[in-house]
Amino acid sequence: MAKELASFQLSVIRKDNMTERGCEVAYLLGVDIGTTNIKAALFDTRGNRICVVNEGYPTYRPFPGWVEQDPNHWWSATVRTISQLISTTGIEPKRIRAIGLSGHVRSAAILDRNFNPIRNGIVWSDTRTEAEYRWLNEKMGDELISITGNKAATTFSAPQIIWLRNNYPHQYEKISYICTPKEFVIHKLTGVFAGDVSDQSGSLLMDAKKRNWSEQLLAKLELPREWFPPLYESQEVIGEIGAYAAAHTGLQEGTPVVAGGGDNSCAAIGSGICRKGIALIIIGTAGIVMSQLDEPKGDPEARLDLFCNSIPDKWYLIGLIQSAGFSLQWLANRLLQEKNADLEPNQQISSSEWLSKIEKDLALIPPGSEGLVFLPYLQGKGSPNRNSKATGVFCGMSGAHKNEHLIRAAMEGVGFCIRQCMDVLRQRTEINEIRCAGKGVTNETWLQIVSDILGQPIRTVATDEETSLGAAILAGVGAGIFSTVEEGCNNMVRKGVECTHDNTKANQYEECYGLFNSISSRLDI
């Protein structure tokens, strides 16, 4: 059984901000249940990051296409990160005014009547539900688009539930609750079963216009409504820290907890995006391209997904690249195995260290990686031309190509997928500005490649914790510190640096983009 496990990291910033002009500073806690790790981050109400604690948990891949996690690991990692954060900062827990959570959307925890996992949770990048999503589109494709704004795909949780019914009926019969990772942790913290409209947009079971469950879809698919949590707007307080959670985390019992939001929606808020006209690119494990809408009008062809935003009465269109940072991490790890094989353990370097070391060499390789093209479909092809059976491909390889060419080609491949999503997004809404967040932006070469491929400047965000920051801003609104999400963004979000595109390279990438699209379409199954 294949397993991946991230490491524990701790960072304390600006502990001197814990008092201000003789007054106690109020804090907001944002907790992000990410695809690979938990990140708990403490902020003051001006957006200064006080402390962040990061702990990974295992991902299991027992069979090709299967991607699973144990929900209990989400909770145990949450306990340890919050506990470590409080003990490290030494703050009085009562000074944390409210808590907001975000989590990876489209993933499902399958639970019994005691809220215990019946099986491992199925993660959004899992592609086992090929037959189920095709059945959904054939049976009720137009109905799905009309109600949810989306076509079925392996990345939604509804096909996962149907797959379980079709393949493991003995487990299906035990179901009492189905929820997302964030909702699982919120229940542990508060004892309340509650969801939010942005997170559950990934279920494919919501009415996007009504911002609630679709009784029509639930009835047609014979899914009991009581399995799913009541839905709230993201900034609404849904409960308080209970005695059990307080004892295990160090939080004060009674601290308000808001409904929180899906990871992408929270990342947009943490990047200061609270109006139309600004696109956000996130380069994390997955790649995301998204922009806010004032009305729930999705793409008629459902090439991009329509989700409820964490801002009330707002929505967004989103494109998903299923293997963005994952592609680069996977490739770097494979290449490093050879380099580290002959070295003593204390001399071996990590993939992040190696990528940093070769960054200048990557920048010297011309656009197009001298004919080498990479299709980053290690977990299937995402938006806008979905194909769950697609696989990763290097094309045009020669004896002259070095490891650095492979890495740059991977960066470019992800960049071309971002461009595909952006092209569709521009057809649906006006884009005047592009911002970029996620771990990928820390690599200046990769950021420059994406800017050149898009032919437009990109501005970063001045934090590595934009998703936790977005969750903290929602907590601030729920606690009454801010009257609106926009006010919270104005107080807590700071813009980063601007990466300006190179016109000459942008023109060169136009030809490379055409080649990428041609190869990708020809290799479609």
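Please read all numbers here as calculations on a predicted model, not as lab measurements.

The next point concerns empty space enclosed by the protein. Enumeration according to the criterion identifies five cavities of 30 Å³ or more in this entry. The computed volume of the largest cavity comes to approximately 80 Å³. Of the residues belonging to the lining of the largest cavity, the class tally is three nonpolar, seven polar and two charged.

Moving on: the packing of helix H12 (residues 403–428) against helix H13 (residues 444–454). When two helices pack together, their arrangement is captured by the angle between the axes and the distance separating the axes. Contact pair H12 / H13: the axes reach a minimum separation of 9 Å and the direction vectors enclose 40°. It follows that H12 is oblique to H13 by the angle criterion. The handedness of the crossing between H12 and H13 is right-handed. In contact with Arg 408, Met 411, Glu 412, Val 414, Gly 415, Phe 416, Ile 418, Arg 419 and Met 422 of H12, H13 contributes Thr 445, Trp 446, Ile 449, Val 450, Ile 453 and Leu 454. When grouped by side-chain class, the residues that make up the contact of H12 with H13 number ten nonpolar, two polar and three charged.

Before going further, it helps to examine the pattern of salt bridges. Enumeration over the complete set of coordinates arrives at 23 salt bridges. Note that Arg 80 is salt-bridged to Glu 55, the shortest N-O span being 2.7 Å. You can see Arg 80 sitting in helix H1 (residues 71–89) and its partner Glu 55 sitting in strand S7 (residues 49–56), a full 25 residues away along the chain. Judged by its relative accessible area of 42%, Arg 80 falls in the partly exposed class. Residues joined by salt bridges that share partners form a network here, namely Glu 68, Arg 119, Asp 126 and Arg 128.

Our focus in this paragraph is the state of the cysteines. Overall, the coordinates contain zero disulfides when judged by the stated rule. Cys 274 carries a free sulfur, and the closest cysteine sulfur to it, the one in Cys 489, is 4.3 Å from it.

We now examine the pairing of strand S27 (residues 433–437). Counting buried residues along S27, five of its five residues qualify, which places the element largely inside the surrounding structure. Residue alternation in S27 divides its side chains into two sets, Glu 433, Arg 435 and Ala 437 and Ile 434 and Cys 436, and both sets are buried. Pairing of strand S21 (residues 278–283) with S27, which is carried by five bridges, proceeds in the parallel orientation. Within S27, the residue paired with Ile 281 across the bridge is Cys 436. Sheet analysis places S27 next to strand S28 (residues 458–461), joined by two bridges and oriented parallel. When the sheet's bridge partners are listed, Cys 436 is paired in S28 with Thr 460. Following the chain from S27 across H13 to the adjacent parallel S28, one finds a crossover that is right-handed.

What follows deals with the packing of aromatic side chains. Per the stated rule, a full pass over the model turns up 17 aromatic pairs. With a centroid separation of 5.3 Å and an interplanar angle of 50°, the aromatic rings of Phe 115 and Tyr 177 are classed as tilted. With a gap of 62 residues between them, Phe 115 in the loop between strand S11 (109–111) and strand S12 (121–122) and Tyr 177 in strand S13 (residues 177–179) connect regions that are remote in the sequence. Look at Phe 115 and you get buried, because its relative accessible area is 4%. Ring geometry for Phe 416 versus Phe 516: centroids 5.1 Å apart, planes at 40°, classification tilted.

To continue, consider the sheet that holds strand S29 (residues 495–499). Picture the strands of a sheet paired through backbone hydrogen bonds; they go either parallel or antiparallel. Spatially, S23-S24-S22-S21-S27-S28-S29 is the arrangement adopted by the seven strands of the open sheet, whose pairing is mixed. In this open sheet, the two edge strands, each paired with only one partner strand, are strand S23 (305–308) and S29. Sheet twist, expressed as the mean angle between neighbouring strand axes with direction ignored, is 30°. Sheet topology places strand S22 (residues 287–293) next to strand S24 (residues 315–321); seven bridges connect them, and they run antiparallel. Its bridge partner lying in S24, Gln 292 is registered against Tyr 316. Its contacts with the sheet place H13 against S21, S27, S28 and S29, and it is angled at close to 145° to S28.

The rules behind the values
Residues numbered from 1 in each chain as written. Predicted model: local features only at pLDDT ≥ 70, side-chain atom pairs only at ≥ 80, totals over all residues. Heavy atoms only, no water. 1 Å grid on protein atoms, 1.4 Å probe; cavity = no way out; pocket = protein on both sides within 12 Å on 5 of 7 lines; lining within 4 Å. Points joined across faces, edges and corners; volume = space filled by probe spheres on them. Nonpolar A, V, L, I, M, F, W, Y, C, P; charged D, E, K, R; others polar. Axes fitted to C-alpha atoms, helices over the stretch in contact; angles between N-to-C directions. Helix = DSSP H or I, 4+ residues; strand = E, 2+ residues; numbered from the N terminus. Parallel < 35°, antiparallel > 145°, perpendicular 65-115°, else oblique. Left-handed = near helix turned anticlockwise from the far one by under 90°. Contact = heavy atoms within 4.5 Å. Salt bridge = Lys/Arg side-chain N within 4 Å of Asp/Glu carboxyl O. Buried < 20%, exposed > 50% of the residue type's maximum accessible area, 1.4 Å probe, protein only. Disulfide = S-S within 2.5 Å. Pairing = 2+ DSSP bridges. Right-handed = clockwise from strand over helix to strand, strands pointing away. Phe/Tyr/Trp six-rings, centres within 6.5 Å; stacked < 30°, edge-to-face > 60°.

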